[in-house]
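Geometric and topological summary
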Amino acid sequence: MTPATAPMVIDDAPQGAAMQRVAALATRRASPLAKWFWSLLVSLMGFVVSLAAWNFVTNLIASHPFLGMIFSALLVIFCCVLLAIALRELSAFSRLRRIDTIQTEAATAHAGDDLPMARKVVGHMTSLYAKRDDTAWGRTQLAERAPEIMDADGLLDLAERSLLEPLDARAVAEVQAAARQVAVVTAVVPLALADVFTALTSNLRMIRRIAEIYGGRSGTLGSLRLVRTVLGHLVATGAVAVGDDLIHSVAGGGLLSKVSRRFGEGVVNGALTARVGIAAIEVCRPLPFQALKRPSVTGTVQRALTGLFGTA
């Protein structure tokens, strides 16, 4: 016979409190004075670097013309790469603003039962996904049935079912994969800060992939904007901390009393990742969940972690 195992209590308050602090700091509005300070600092540093590079190139051409020409060519190529990166970032911000515009128009159409606005939203969504093979069947169904619907809510519900249902499945799969990865690394890797690094990178990659699924491809700066928006959504909805009911439903009746503390922490971190993922879906999705059911955090974590740490 094995000795009785004392129940182990996994305190999720520190994780929830830390998440709340991070979200509050990330979403806090910067003061105008701080914005002016950083803008002027970046401008001055750019001016100094540009002037130093210009002086270096002119002096090098004067003393060693051949080497100066080679360096000038490399500098021109480097500037072209920077320009391409800037254009990609601007394109990413444009796509994100496009998603924001659709969300705003959809909210207006829902609130006022505005059929012309709803048709405008459908047109924007069809254009957004026009080159996507995974929405081809949905676009065909939407084009056939949309003229028959004479109310805004029904038209937007049809667009949601036709275009977003397959994208929702892919987005939820990304959330489950990220939650599973974070939980496994937390449970089995004993290295200090390994779980923190894994959670950070997994959440950033998950948010970026969710944005790409819904058509809002983002660059580096766009990803930072997305992260801030997602954290703001978590703060606004009060879904930052992991509750006891979530942990109990995920872990099962006596599972946490039978596994190590690292496994319990893995469940907590996986649940936090799932909550971030669901918030990212709500932020990146062009339409709010109305015709389709919003993914449950508990259900998402259960499907992600089922069989991962054994059964109770």
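If you're wondering where the values come from, they're calculated on a predicted model, not measured in any experiment.

This part is about the pattern of salt bridges. Tallying each qualifying case throughout the model produces 7 salt bridges. Taking the shortest distance from any N to any O, the salt bridge between aspartate 134 and arginine 132 comes out at 3.2 Å. Of the residues examined, aspartate 134 reaches a relative accessible area of 30% and is grouped as partly exposed. Here arginine 285 makes a salt bridge to glutamate 160, at a shortest N to O gap of 3.1 Å. Here arginine 285 is found in the loop between helix H10 (261-284) and helix H11 (297-305), whereas its partner glutamate 160 is found in helix H6 (residues 152-188), with 125 residues between them in sequence. Look at arginine 285 and you get buried, because its relative accessible area is 1%. Judged by its relative accessible area of 2%, glutamate 160 is buried. One continuous salt-bridge network, built from bridges that share partners, spans Arg132, Asp134 and Arg170.

Moving on, we come to the confidence of the model for the protein. Put simply, the protein has an average pLDDT of 77, and 75% of its residues get 70 or more. pLDDT under 50 marks residues 1-19. Its contacts with residues more than four places away, or in other chains, come to 27 contacts. Confidence drops under pLDDT 50 across residues 239-245; counting only partners more than four residues distant or on other chains, this segment forms 20 contacts.

Further remarks concern the packing of helix H4 (residues 115-128) against H6. At a minimum axis separation of 8 Å, H4 and H6 run at an interaxial angle of 15°. Considering the angle they form, H4 stands roughly parallel to H6. Regarding H4 and H6, the two cross each other, and that crossing is left-handed. Contacts between H4 and H6 involve Leu115, Ala118, Arg119, Val121, Val122, Met125 and Thr126 on the former and, on the latter, Ala152, Leu155, Leu156, Ala159, Leu163 and Leu164. Along the lines of polarity and charge, the residues of the contact of H4 with H6 split into 11 nonpolar, 1 polar and 1 charged.

Calculation rules
Each chain carries its own residue numbering, running from 1 in the written order of its sequence. Reporting in this predicted model follows two pLDDT cut-offs: at least 70 for local features of residues, and 80 or more for side-chain atom pairs to be given and counted; totals over whole chains, interfaces and linings ignore these cut-offs and use all residues. Only hydrogens and water are set aside when side-chain values are computed; all heavy atoms of the structure are taken into account. For this analysis, a salt bridge means a side-chain nitrogen from Lys or Arg found within 4 Å of a carboxyl oxygen belonging to Asp or Glu. Each residue gets one of three labels from its accessible area relative to the maximum for its type: buried under 20%, exposed over 50%, partly exposed in between, using a 1.4 Å probe on protein chains only. To qualify as a helix, a DSSP run of H or I must reach at least 4 residues; to qualify as a strand, a run of E must reach at least 2; elements of each kind are numbered from the N terminus. Here pLDDT means the predictor's own confidence in every residue, given as a number from 0 to 100. What makes two residues a contact is simply this: any of their non-hydrogen atoms within 4.5 Å. Helix axes use the C-alpha atoms of the stretch in contact, all axes being lines fitted to C-alpha atoms, and the angles between their N-to-C directions lie in the range 0 to 180 degrees. Convention used here: angles under 35 degrees read as roughly parallel, angles over 145 as roughly antiparallel, angles from 65 to 115 as roughly perpendicular, and any remaining angle as oblique. The sense of a crossing depends on the near helix, which, turned anticlockwise from the far helix by less than a right angle, makes the crossing left-handed and, turned clockwise, makes it right-handed. Under the convention adopted here, Pro, Cys and the residues Ala, Val, Leu, Ile, Met, Phe, Trp and Tyr are nonpolar, Asp, Glu, Lys and Arg are charged, and Gly plus all remaining residues are polar.

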